[in-house]
Amino acid sequence: MIIYHKRGEKMSEKLFYKDAYIKEFDAECISCRKEGEYFAAVLDKTAFFPEGGGQTGDTGALNGVKVTDTQEINGEILHILEREIPLGAVHGVLNWDKRFAKMQNHTAEHIVSGTVNKRFGLDNVGFHLGDGFVTMDYNGTLTKEDVLFLESEVNEILWRDLPVKAYFPQNTDGIVFRSKIDIKENLRIVEIPGVDVCACCAPHVSSTAQAGIIKIINSEKHKNGVRLTMKSGAFALNEMRILQKNAERISHITSLPSENCADGVEKLAQKLKDAEFKIKDMQVKAVLRAAEESEKNYIFVDDASLLKDAVNALKLKFGQPVFAFAGAGETYRFMALCPDNVKEALQVKLNIRCGGRDGMIQGSVAQKKEDIENALKSFYFEQQCSYEWTQM
């Protein structure tokens with residue numbers, strides 16, 4: 001069946017419905033006009049699929065001029081070009097590797113969604129065909145075991161090499177199909193016998209085997225259901241190559257075979273955690289010693305995670321107010337124990353941004369170290385550890 005869209009009295013033939021595997025074609029350019037920074041060409045026929053059905057528009061070239069996108073607007077299929085092309089004969093070449101990979105992913109999505117519906121009774125309520133991956137949203141939950149079962153079953157469907165049929169039914173009576181919208185006319189069905197029947201306008205591979213392999217790479221809670229992220233075909237192959245490369249690197253680092261890498265990583269992570277704990281303990285002890293030996297009611301530390309320890313140590317010696325800073329240049333984090341009048345004075349003098357309650361405040365200050373020290377020195381220290389703000 002040849003499908004047309006009206007353009008005034010002209011008609012544009014959709015070659016991708018006649019044969020989804022057309023890589024090059026000859027046509028007539030009947031219009032080419034400026035559209036913002038680009039040009040939009042309309043042909044009498046095209047194998048370029050315009051964005052639709054969750055699938056992005058095709059790219060490629062017309063007479064050697066790069067096609068950056070394909071869109072369908074008000075019945076016209078617009079080939080978005082980097083520069084103008086003349087009217088008349090045109091030769092189109094698709095970016096076939098990219099198109100075929102999208103066809104693989106799209107067919108794989110139908111297989112997964114059809115199987116989820118059949119096995120778990122869940123509906124696909126959202127779908128996005130990204131650059132190399134697919135996300136699918138379902139209106140219910142799937143356990144980890146469910147996802148593993150699903151992945152095994154959909155790959156078995158690929159191995160059965162079932163036909164993928166796309167057609168425009170003359171009569172929809174008796175046809176049960178999946179669809180997220182109510183389609184009144186030009187209904188196109190994509191059917192995988194025994195697996196899925198779904199309304200879809202996009203090109204697909206001709207058999208399930210051509211989807212290659214399906215790998216579900218993530219499952220996460222989304223709204224009131226679950227979102228699956230999947231790769232298939234060339235994208236899945238590339239994903240597995242990345243995983244293999246990483247496994248080889250980890251195997252080399254841990255001196256363990258790849259199947260035992262996780263155990264090695266866990267041991268290294270525990271050693272790192274133990275070492276970090278020892279380092280933190282040493283840092284805290286160093287801060288406590290520095291606070292005990294300090295003759296000032298403030299201290300500068302190397303790590304913002306030590307601020308609370310420093311403030312509490314200074315409090316034991318000086319009471320209030322006490323201050324601890326961590327940072328460099330003109331960017332410091334700080335923590336302090338001080339009454340409200342001191343806090344207000346600091347806000348004026350150092351333009352600090354802070355918050356807190358019960359005398360404990362923390363925040364940031366955009367000042368150099370010497371400016372901070374000069375501001376703190378403007379407090380008059382008495383034996384009872386009370387401070388007054390000096391004349392400004």
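All figures in this text were calculated on a predicted structure; none of them were measured in a lab. (Residues numbered from 1 in each chain as written. Predicted model: local features only at pLDDT ≥ 70, side-chain atom pairs only at ≥ 80, totals over all residues. Heavy atoms only, no water.)

(A) Region of interest: the sheet that holds strand β13 (residues 189–192). Spatially, the 3 strands line up as an open sheet ordered β12-β13-β14, and their pairing is antiparallel. This sheet does not close on itself; its edge strands, each paired only once, are β12 (165–167) and β14 (196–199). When the angles between neighbouring strand axes are averaged without regard to direction, this sheet yields 15 degrees. Two elements, β13 and β14, share 4 bridges in a ladder whose sense is antiparallel. By the bridge assignment for β14, Ile189 is matched with Ala199. (Pairing = 2+ DSSP bridges. Helix = DSSP H or I, 4+ residues; strand = E, 2+ residues; numbered from the N terminus. Axes fitted to C-alpha atoms, helices over the stretch in contact; angles between N-to-C directions.)

(B) Examining the pattern of salt bridges more closely. Inspection of the entire model under this criterion finds 11 salt bridges. Its salt-bridge partner being Arg33, residue Glu35 comes within 2.9 Å of it at the nearest N-O pair. Residue Glu35 is classed as partly exposed on the basis of its relative accessible area, which comes to 36%. Since its relative accessible area comes to 27%, Arg33 is described here as partly exposed. Close ionic contact of Lys285 with Asp281 constitutes a salt bridge, the shortest N to O distance being 3.2 Å. With Lys285 and Asp281 both in helix α5 (residues 261–293) and 4 residues apart, this pair spans about one turn of that helix. Assessed through its relative accessible area of 45%, Lys285 is described here as partly exposed. Among the charged side chains, a network of salt bridges with common partners joins Arg33, Glu35 and Glu76. (Salt bridge = Lys/Arg side-chain N within 4 Å of Asp/Glu carboxyl O. Buried < 20%, exposed > 50% of the residue type's maximum accessible area, 1.4 Å probe, protein only.)

(C) Seen up close, the pairing of strand β9 (residues 88–94). In the sheet, strand β3 (residues 24–35) pairs with β9 via 6 bridges, with the strands oriented antiparallel. In the strand pairing of β9, Glu28 is matched with Ala89. The pairing of strand β6 (residues 60–62) with β9 spans 3 bridges and is antiparallel. When the bridges of β9 are listed, Gly60 appears paired with Leu94.

(D) Representation of empty space enclosed by the protein within the structure. Counted according to the given criterion, the structure contains 1 cavity of 30 Å³ or more. Phe323, Phe325, Phe334, Leu346, Leu350 and Ile352 are the residues that line the largest cavity. At the level of secondary structure, the elements contributing two or more residues to the lining of the largest cavity comprise β18 (322–328) and α7 (340–350). Residues of the lining of the largest cavity, tallied by class, amount to 6 nonpolar, no polar and no charged. (1 Å grid on protein atoms, 1.4 Å probe; cavity = no way out; pocket = protein on both sides within 12 Å on 5 of 7 lines; lining within 4 Å. Points joined across faces, edges and corners; volume = space filled by probe spheres on them. Nonpolar A, V, L, I, M, F, W, Y, C, P; charged D, E, K, R; others polar.)

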